[in-house]
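# Per-entry structural report
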Amino acid sequence: MLLYLSSFRIGNRPEELQRLLAGRTRTALVMNAYDFQDADSRNASLQREVAELQSVGLAPEELDLRDYFSGDRSLRKTLENFDLVYVRGGNTFVLRRALLHSGADELLPELLASDALVLGGYSAAAAVAGTTLRGIAGHVDDPDHLPAGYPEGPPLWDGLGLLPFAVAPHYRSDHPETEEIEHTVQYYIDHHEPFVALRDGQAIVVDGDGVRVVG
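Residues numbered from 1 in each chain as written. Predicted model: local features only at pLDDT ≥ 70, side-chain atom pairs only at ≥ 80, totals over all residues. Heavy atoms only, no water.

### Notes on the pairing of strand 3 (residues 59-62)
Rule in force here: Paired strands, as defined in this entry, are two strands with at least two bridges between them according to DSSP. Strands here mean DSSP runs of E at least two residues long; helices mean DSSP runs of H or I at least four residues long; both are numbered from the N terminus. Crossovers are marked right-handed if the path from the first strand over the helix to the second runs clockwise, as seen with the strands pointing away from the viewer.
Sheet topology note: the strand 2 (residues 26-30)/strand 3 ladder contains four bridges and is parallel. Considered in strand 3, the bridge of Thr27 is made with Pro60. Running through helix 2 (residues 39-55), the crossover from strand 2 to the neighbouring parallel element strand 3 is right-handed.

So this is what it looks like as structure tokens:
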């Protein structure tokens, strides 16, 4: 499994992501954690994310998981055209819903297990890769947020389980959510939940069986 999951944006060690990709550049940029924003804000963020990824030599294009909510089974074929799936931060619970309703929550672990692609991203992307989202609820993200076009349903509390621990991004960093993340960390401590707290600039790198925090 090949993962590069940072606390904020691309982090301080993009060369680690480039190393995992080994010269490959085709990048699917997933913006769905930001679907709670208005169209103009979302588009402005899309352009900024594209520019940042291009600055480190990648070739990004948006992959909108909402296009697959109807049960379209072509997502697997689409994902096979990319080397990297890079997930923007935002609301972790909105992202988790998008992964479920598109079927990506089953496809991504399968493709990652065979090293068919690399998973990158930040903030909500790191949190959703872990074991549980319960520490994020109420402190950082609204678990009941339901953007237009999303099927109704209860919040999803389990992460994808790609990492054997929960993740608390923006820990003691210059970020608007850093104070709330203190509550998240305390929740994990109180509930004896294994976790990693990431400061902005840091990233979790998984290369096969090895798991490291860099930055």
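Moving on from the coordinates now.
### Details of the layout of surface pockets
Applicable threshold: Grid spacing is 1 Å over the protein atoms alone, the probe is 1.4 Å, and a cavity is where that probe fits but cannot get out, while a pocket is an open set with protein on both sides within 12 Å along at least five of seven lines and lining residues have an atom within 4 Å of a point. Grid points are joined across faces, edges and corners, and a volume is the space filled by probe spheres set on the points.
In this structure, the largest pocket spans a volume of roughly 350 Å³. Lining the largest pocket are 24 residues, and of these Arg88, Gly89, Gly90, His175 and Glu177 lie nearest its centre. Considered as a void within the structure, the second largest pocket measures approximately 240 Å³ in volume. In terms of lining, the second largest pocket is formed by 14 residues, of which the most central are Asp72, Arg73, Ser102, Gly103 and Leu107.

### Some points on the environment of Val211
We count it as follows: Any residue under 20% of the maximum accessible area for its type is buried, any over 50% is exposed, and the rest in between are partly exposed; the area is computed with a 1.4 Å probe on protein chains only. Throughout, a residue-residue contact means that at least one pair of heavy atoms, one from each residue, lies within 4.5 Å.
In this structure, Val211 sits in strand 9 (residues 210-214). We classify Val211 as partly exposed; its relative accessible area is 42%. Residues Val211 and Leu3, 208 residues apart in the sequence, show an inter-C-alpha distance of 9.1 Å. The residues touching Val211, leaving out its near neighbours within four places in the chain, are Phe165, Ile204, Val205 and Val206.

### As for helix 5 (residues 104-113)
To keep it simple, the criterion reads: By arc we mean the arc of the directions from the helix axis to the C-beta atoms, nothing more.
All of the buried residues along helix 5 are Ala104, Asp105, Leu107, Leu108, Leu111 and Leu112. Along the axis of helix 5, the buried residues cluster in a sector spanning 165°; they form a single face. Across helix 5 from its buried face, at more than 90 degrees, point the exposed residues Glu106 and Ala113. Tucked inside the fold, the buried residues of helix 5 contact strand 1 (2-6), helix 3 (75-79), strand 4 (84-87), helix 4 (92-102) and strand 5 (118-122).

### A look at the packing of helix 4 against helix 5
Working note: a packed helix pair is described by the angle between its axes plus the distance between those axes. The test is simple: Only C-alpha atoms enter the line fits that serve as axes; for helices the fit covers just the stretch in contact. Angles between N-to-C directions range over 0 to 180 degrees. By definition in this entry, angles of less than 35 degrees are roughly parallel, angles greater than 145 are roughly antiparallel, angles of 65 to 115 are roughly perpendicular, and the rest are oblique.
Contact geometry of helix 4 with helix 5 gives a least axis separation of 5 Å together with a crossing angle of 85°. Taken together, the axes of helix 4 and helix 5 are roughly perpendicular relative to one another. Between helix 4 and helix 5, the residues in contact are Arg96, Leu99, Leu100 and Ser102 and Ala104, Asp105 and Leu108, respectively.

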